[in-house]
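The residues making up each chain are set out below.
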Amino acid sequence: MSDRPAPWTVLSRSYLLERWWMKLRVDEVRLPDGQVLPEYHVLEYPDWTLSMCQDVTGKLILVEQYRHGTGKLSLEFASGMLDEDELPLEGACRELLEETGHVSESWIRLGRWAPDPSRHDNVGHVFLARHARSVAPPSPDSTEDLRVISLSVREVDAAIRDGRITHGLHVAAFYRAATDGLLEG
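Residues numbered from 1 in each chain as written. Predicted model: local features only at pLDDT ≥ 70, side-chain atom pairs only at ≥ 80, totals over all residues. Heavy atoms only, no water.

Novice: Give a detailed account of the sheet that holds strand β1 (residues 9-18), specifying residues and quantitative values.
Specialist: Sheet architecture is open: three strands sit in the order β1-β2-β3, paired in antiparallel fashion. Both outer strands of the open sheet, β1 and β3 (36-44), are each paired with one neighbouring strand and no more. Direction aside, the axes of adjacent strands within the sheet are offset by 25 degrees on average. Direction of pairing for β1 relative to strand β2 (residues 23-30): antiparallel, over a ladder of eight bridges. Counted as the bridge partner of Y15 is R25 from β2. (Pairing = 2+ DSSP bridges. Helix = DSSP H or I, 4+ residues; strand = E, 2+ residues; numbered from the N terminus. Axes fitted to C-alpha atoms, helices over the stretch in contact; angles between N-to-C directions.)

This is the structure:
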């Protein structure tokens, strides 16, 4: 007998909702002990990118925007869904330019993380852009109303600690880069 947890067996699969940007799937599954769960819901989303950005002055570039799920303004790094057949780094570069007007020649891959592996099927590709420079005004898509904000590394840490930055994967990206000694200043 294996000492590793066993996967579930999918007995049936159907979709309750299908949209261009997400699907809600319901699976009937059998657990390793034989128990059957008649409805286990999974959200299928496209993969996405997160572009943590530090400019040539050492400031971190963030965007503030309204997030309807929480009903609040959220301070985050540039991020967004990958376009179909788009490579993760290409998407990260595109999102950074669109949302902040910044570009970088120096990118470091921080990881490939699942936001909620129990209920979501997608992953986020997380990058740090270093020595970025502003080359254009932001050009967000029609559903985005963004304000670009530059903060020092200390100010971002303080914003996380006092609850102004709450998006878990953005917090993880910051601390990953800081722990690995990748942030300047």
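Novice: I'd like a rundown of the packing of aromatic side chains, residues and numbers included.
Specialist: Applying the stated criterion across every chain yields a total of four aromatic pairs. Plain terms: the ring middles of W8 and Y40 are 5.0 Å apart, the flat faces sit at 90 degrees to each other, and that makes the pair edge-to-face. You can see W8 sitting in the segment before β1 and its partner Y40 sitting in strand β3, a full 32 residues away along the chain. Judged by its relative accessible area of 16%, Y40 is buried. With centroids separated by 5.1 Å and ring planes inclined at 70 degrees, the aromatic side chains of F174 and Y175 adopt a geometry described as edge-to-face. F174 gets classed as buried once you look at its relative accessible area, which sits at 2%. Its guanidinium or amino end placed over the ring of Y15, K23 lies 5.6 Å from that ring's centre, counting from NZ or CZ. For the cation-ring pair, R119 lies above Y40, with the distance from its terminal atom to the ring centre recorded as 4.0 Å. (Phe/Tyr/Trp six-rings, centres within 6.5 Å; stacked < 30°, edge-to-face > 60°. Buried < 20%, exposed > 50% of the residue type's maximum accessible area, 1.4 Å probe, protein only. Lys NZ or Arg CZ within 6 Å of the ring centre and 35° of its normal.)

Novice: Account for the nonpolar core, naming residues and giving values.
Specialist: Core analysis: the biggest nonpolar cluster contains 24 residues, and M52, L60, V156 and F174 have the highest contact counts within it. Contributing elements (two or more residues each) for this core: β4 (48-55), β5 (60-67), β10 (124-134), β11 (147-151), α2 (153-161) and α3 (168-179). The leading source of residues in this core is α3, at five residues. Among all residues touching F174, those that are not within four sequence positions of it are M52, L60, F77, V153, V156, D157, I160 and L183. The next biggest cluster of nonpolar side chains, apart from the first, holds nine residues, and it includes C53, I61, A92 and F127. (Core = buried A, V, L, I, M, F, W, Y, C linked by side-chain atoms within 4.5 Å. Contact = heavy atoms within 4.5 Å.)

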